[in-house]
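Examining the three-dimensional arrangement
Here's the letter readout for the chains.
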Amino acid sequence: MSYPFKQSEEKWQKIWQEKEVFKALPKQDKPKYYLLEMFPYPSGKIHMGHVRNYTIGDVAARFKMMQGYSVLHPMGFDAFGQPAENAAIKNKSKPDIWTHKCIEWMKTELKKMGFSYDWSREVSTCEADYYKWNQWIFLKMFERGLAYKKASNVNWCPSCETTLANEEVIDEGCWRCHAKVEQKDLEQWFLKITEYKERLLEDLNQLKDWPERVIAMQNNWIGRSQGVEIYFPLDNSDKIIPVFTTRVDTIFGATYIVLAPEHSMVKDLIKGKPGEKESLKFIAKVAKESKVVRGSSDVKKEGVFTGSYAVNPVNKEKIPIWIADYVLMEYGTGAIMAVPTHDQRDFLFAKEHKLTMKVVIQPSLPQAGPPSAEAISYQLSAEELKEAYEGDGVQINSAQFDGLTNEAAKIKIAEWMEKEKIGKIQTHWRLRDWLISRQRYWGTPIPMIYCKKCGIVPVPYEDLPVELPKDAPFTGEGGSPLAKVKEFVHVKCPKCKGAAQRETDTMATFFDSAWYFLRFSSPRENQAPFNQEEAKYWMPVDQYIGGIEHAILHLLYSRFFTKFFKDLGLISFDEPFQRLLTQGMVLKDGEVMSKSRGNIVDPDSIIKNYGADTLRLFILFAAPPETELEWDDRGIEGAHKFLNRVWRIQENLKDKADPALNRAMHKAIKKVSEDFEEFKFNTAIASLMELTNAIYQSGADRKVFKNLILLLAPIAPHFCEELWEALGNKGSIFQAAWPKYDPAFLVEDTVTIVVQVNGKVRFKIDVPADINQDKLKELILSDERLKPWVQDQPIKKFIIVPKKLASMVI
């Protein structure tokens, strides 16, 4: 007899929906559990990555429900974005029509997998009742000086024809279409995430249940560094160039300065100089290069001499000022002091352009106490260096600081520079404000109006939402389609009632996803982004699940928004997600599944031939959630066979279990419960397989089988609902209590076998009380202490067997 998966899955999906089994309700008599997977972009088809992510979350949600928690497990769609706009152009459709079709396709596929979502809480970010609150949040930020517009050199995707935040540039290209990113000067809207930099950094310490890798990535992106801002005077001028460095111990070895091509002083420095034309040409060239490439350590660095000089303030030496592509305005002051002997990039650049080098840190011999004269008697010369020496050592060629360790010199030199007013101890940050302007249609309109008389005027709250016009032209050419809709653009100024124009940029879609988890707590709230009481009950999210690719973008922005909401008094917590799991990718033939590689496995085909529960079981058993999963057709077959093996147990049930089977059941309950808590689903399944084997060996006891079904239910929900009903139970298995183990059954009864030779007790062996004859014989024979005495004689001559084992012939 085989499990009829097609009929069963349709049946139970209908029952769950009709009886609202997974509807989330705040219950004060129950602990709450909010489980959330990162919501998908509605592409129209779910892939195996979706299946893995959502199956992991679904098991945890069902497990918690059976443990007695009030569970919130919602689903929605991150529906705005460039792909829908491009698809609409390609298919001669409109983004809203295309997106809503895709949402319906995805919902159908998600429901086929049997996921336990409360669909009554569904949100789609492209709906006006959602993005109205994007605009409300933006206005609140604008009121507090956190949203502002400025001219800036920005990342530009020539394919998407839109700007990108720094975080959206990955491996030189656009995160969305992978086109090579260029630089462009534009007036753009920014969010002042830097206002929250200290809290974003310090509160990482609260995230005890986040992967260390994600914590490290955010830590590095925020990038706090302690150092000194040094003032380099221009030669024959009263102007200075401020330079920030974390290596003030190398200041005496600074032999040139390098500015970013975008630096505000560059044009004055090159003006009228012999190389002015060459410099301007170089600046134009660098403007088209990705900042990622410019900052990469494995790309050759290029630059030009400005024709101007600065003065090193610590030794009064005149040093040349260069422009180079590897210096970025985003970091520090947009200027660096170059120390080629102690920085590899400076070393390579100096070698290329034949610039002066001076050693100021000498490698010292390892020893206790202050460095000896012998340790610094040999001085490394710049001429013999094959690469920069970037390690620790002893100061040389550093005036009064000679002989100090470089770590000690950092402190002494910094204090001296502050005293002499040639520098200042400072903290610098890598984090930059978040660019949110996008020159596209399918996004949230930025609620600002431009009036010649009043300037930039926010849209009044009572006029929200500013809705997207339905009739925007889509050609894929030239800027934002919104700018071409006169009825949208031309409005009256809210202040003076004169003629004015709307902002035609839309918000980056990461704005939408930076707070959606709060909206799920009260998705029909129409007076605020979310109901404060509902958010107080459900938030923060207890378990969040998604890809490592969102470690900086989405997760950082979500943390920023949460802190902003706390400042508004809307919530009382600091962090949105208590526990984070980043699942691995699904591979086939060693590569990530993709259409271009032709290695896609369609979930629909697996569901059709084996059922959703077989796919769920395979996905969970094949690998731990955090690691990559290699697709294996044989694994699907194995999962299907296992379910059918469990299915057949119901044919021969009895009402009495032997002690060994009872013990196996309680061990399984303990192991599976602990593994589920830690998301170790593969080892939990292995335990269920062991219990199934024990049932087949000992006989199918009704109570043991019932507990097997309960333990398997979160993994194979339709399958277990069917068996639960077949056993005569009423209601859903997910309204039943999770089984508990009895610790008494985990302690194995033992008996002692005494071994004696020539009438003397030599040693004793403790064995399980229910050991069988073959195992007992094997155990005794394998004991090295008995072998010298036994040789070829009968074992029973040497052992005293307890009464309960006396019948065994050994």
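All of these numbers come straight from a predicted model, not from anything done at the bench.

How each quantity is defined
Residues numbered from 1 in each chain as written. Predicted model: local features only at pLDDT ≥ 70, side-chain atom pairs only at ≥ 80, totals over all residues. Heavy atoms only, no water. Helix = DSSP H or I, 4+ residues; strand = E, 2+ residues; numbered from the N terminus. Buried < 20%, exposed > 50% of the residue type's maximum accessible area, 1.4 Å probe, protein only. Areas by Shrake-Rupley, 256 points an atom, 1.4 Å probe, with all protein chains shown as cover. Pairing = 2+ DSSP bridges. Axes fitted to C-alpha atoms, helices over the stretch in contact; angles between N-to-C directions. Contact = heavy atoms within 4.5 Å. Phe/Tyr/Trp six-rings, centres within 6.5 Å; stacked < 30°, edge-to-face > 60°. Parallel < 35°, antiparallel > 145°, perpendicular 65-115°, else oblique. Nonpolar A, V, L, I, M, F, W, Y, C, P; charged D, E, K, R; others polar. Disulfide = S-S within 2.5 Å. Arc of directions from axis to C-beta. Core = buried A, V, L, I, M, F, W, Y, C linked by side-chain atoms within 4.5 Å.

1. Quick notes on the overall build of the protein chain
Counting its secondary structure elements, the protein chain contains 26 helices and 33 strands. Residue burial in the protein chain is summarised as follows: out of 810 residues, 54% are buried. Accessible surface, the protein chain as shown: approximately 37,100 Å² in total, 50% of it carbon and sulfur.

2. Some remarks on the sheet that holds strand S25 (residues 580–582)
What the four strands build is an open sheet, ordered S2-S1-S24-S25; its pairing is parallel. Among the strands making up the open sheet, the edge pair consists of strand S2 (70–72) and S25. Sheet twist, expressed as the mean angle between neighbouring strand axes with direction ignored, is 15°. Pairing geometry for strand S1 (residues 32–37) and strand S24 (residues 543–546), over three bridges, is parallel. Directly across from Glu37, in S24, lies its bridge partner Ile545.

3. Remarks on the environment of Phe517
Mapped onto the elements of the fold, Phe517 is located in helix H15 (residues 516–519). Separated by 479 residues in the primary sequence, Phe517 and Met38 have C-alpha atoms spaced 9.1 Å apart. What Phe517 contacts, discounting residues up to four positions off in sequence, is Tyr34, Leu36, Met539, Val541, Ser558, Thr562, Pro576 and Phe577.

4. Digging into the side chain of Ser308
Looking at the secondary structure, you find Ser308 in strand S11 (residues 303–311). Ser308 sits in the buried class, given a relative accessible area of 9%. When neighbours within four sequence positions are excluded, Ser308 is seen to be in contact with Leu269, Lys273, Pro320 and Ile321.

5. A word on the pairing of strand S20 (residues 455–458)
Taken residue by residue, a regular strand's side chains alternate between the two faces of the sheet. Relative to S20, strand S19 (residues 448–451) runs antiparallel, the two sharing four bridges. The partner of Met448 across the bridge, within S20, is Pro458. Hairpin connection of S19 to S20: three residues between the antiparallel strands.

6. Brief notes about the packing of aromatic side chains
The final tally for this structure, using the stated rule, is 49 aromatic pairs. Between Tyr3 and Trp647, the ring centres sit 5.2 Å apart and the planes meet at 50°, which makes this aromatic pair tilted. Of the two residues, Tyr3 sits in the segment before helix H1 (5–18) while Trp647 sits in helix H20 (residues 633–648), which places them 644 residues apart along the sequence. Judged by its relative accessible area of 7%, Tyr3 falls in the buried class. Given a relative accessible area of 7%, Trp647 falls into the buried group. Considering the side-chain rings of Phe561 and Phe565, the 6.3 Å spacing of their centres and the 85° angle between planes classify their relative orientation as edge-to-face.

7. A few points about the packing of H1 against helix H18 (residues 603–610)
Direction vectors running N to C along H1 and H18 enclose 110°, while the axes themselves pass 8 Å from each other. With respect to each other, H1 and H18 are oriented roughly perpendicular. Of the residues in H18, those in contact with Phe5, Lys6 and Glu9 of H1 are Ile607, Lys608, Asn609 and Tyr610. For the contact of H1 with H18, a count of residues per class yields three nonpolar, one polar and three charged.

8. What to know about the sheet that holds strand S26 (residues 586–588)
Read from one edge of the open sheet, three strands run S27-S26-S28, paired in mixed fashion. The sheet is open, and its two edges are formed by strand S27 (591–592) and strand S28 (629–630), each paired on a single side. Where S26 meets S27, two bridges bridge the pair, whose relative direction is antiparallel. Following the sheet pairing, Leu587 is matched in S27 by Val592.

9. Topic: the state of the cysteines
Joining two cysteines, a disulfide is a covalent bond between their sulfur atoms. A full pass over the atoms with the stated rule returns zero disulfides. Between Cys454, a cysteine without a disulfide, and Cys496, which holds the nearest cysteine sulfur, the sulfur-to-sulfur distance is 3.8 Å.

10. Structural notes on unusual backbone geometry
Most peptide bonds adopt trans geometry, and most residues besides glycine take a negative phi value. Note that the residue after Leu464, namely Pro465, is joined by a cis bond; omega there is 5°. In this fold, Pro465 is placed in the loop between S20 and helix H13 (486–489). The step from Met539 to Pro540 runs through a cis peptide bond, and the omega angle for that step is -5°. On the secondary structure map, Pro540 appears in the loop between helix H16 (532–538) and S24. Within the chain, Asn397 stands out as a residue other than glycine whose phi angle is a positive 50°. Position of Asn397 among the secondary structure elements: in the loop between strand S15 (394–395) and helix H12 (406–420).

11. With respect to helix H7 (residues 212–222)
Think of an α-helix as turning once every 3.6 residues; residues three or four places apart then point the same way. Among the residues of H7, those classed as buried are Val214, Ile215, Gln218, Trp221 and Ile222. With its buried residues spanning 130° around the axis, H7 presents them on a single face. Turned more than 90 degrees off the buried face of H7, the exposed positions are Glu212, Arg213 and Asn220. Where H7 is buried, its residues contact helix H6 (197–202), strand S8 (224–233), strand S16 (423–429), helix H17 (553–568) and S25. With its phi angle positive at about 60°, Gly223 sits one or two positions after the end of H7.

12. Quick notes on the nonpolar core
Phe138 and Phe561 are the most contacted members of the largest nonpolar core, which has 179 residues in total. Per-element tally for this core: the top contributor is helix H2 (residues 48–66), with 10 residues. In this structure, Phe561 is in contact with Ile137, Met141, Leu191, Trp434, Phe511, Ala514 and Trp515, ignoring residues within four places of it in sequence.

13. Quick word on the pairing of strand S3 (residues 147–157)
Looking at chain direction, S3 and strand S7 (residues 182–191) are connected through 10 bridges and run antiparallel. Within S7, the residue paired with Ala151 across the bridge is Glu187. As paired elements, S3 and strand S4 (residues 162–164) share three bridges and run antiparallel to each other. Within S4, the position partnered with Cys157 by the bridge is Thr162. The hairpin formed by S3 and S4 contains four residues between the paired strands, and Glu161 there has a positive phi angle of roughly 50°.

14. What to know about the environment of Tyr441
With respect to the element layout, Tyr441 can be found in the loop between strand S18 (437–438) and S19. Residue classification places Tyr441 among the buried residues on the basis of a relative accessible area of 4%. Sequence separation of Tyr441 and Ala151 is 290 residues, and the distance between their C-alpha atoms is 21 Å. The contacts of Tyr441, once residues within four sequence positions are left out, are Glu85, Pro95, Leu468, Pro469, Lys470, Ala472, Phe474, Pro481, Leu482 and Thr506.

15. A word on H18
Inspection of H18 places Pro603, Ile606, Ile607 and Tyr610 among the buried residues, and these make up the whole buried set. For H18, the angular spread of buried residues about the axis comes to 100°, placing them on one side. Among the structural elements, H1, H2, helix H4 (95–112), helix H19 (612–621) and H20 are those in contact with the buried residues of H18. Count one or two residues on from H18 and you reach Gly611, which has phi positive near 100°.

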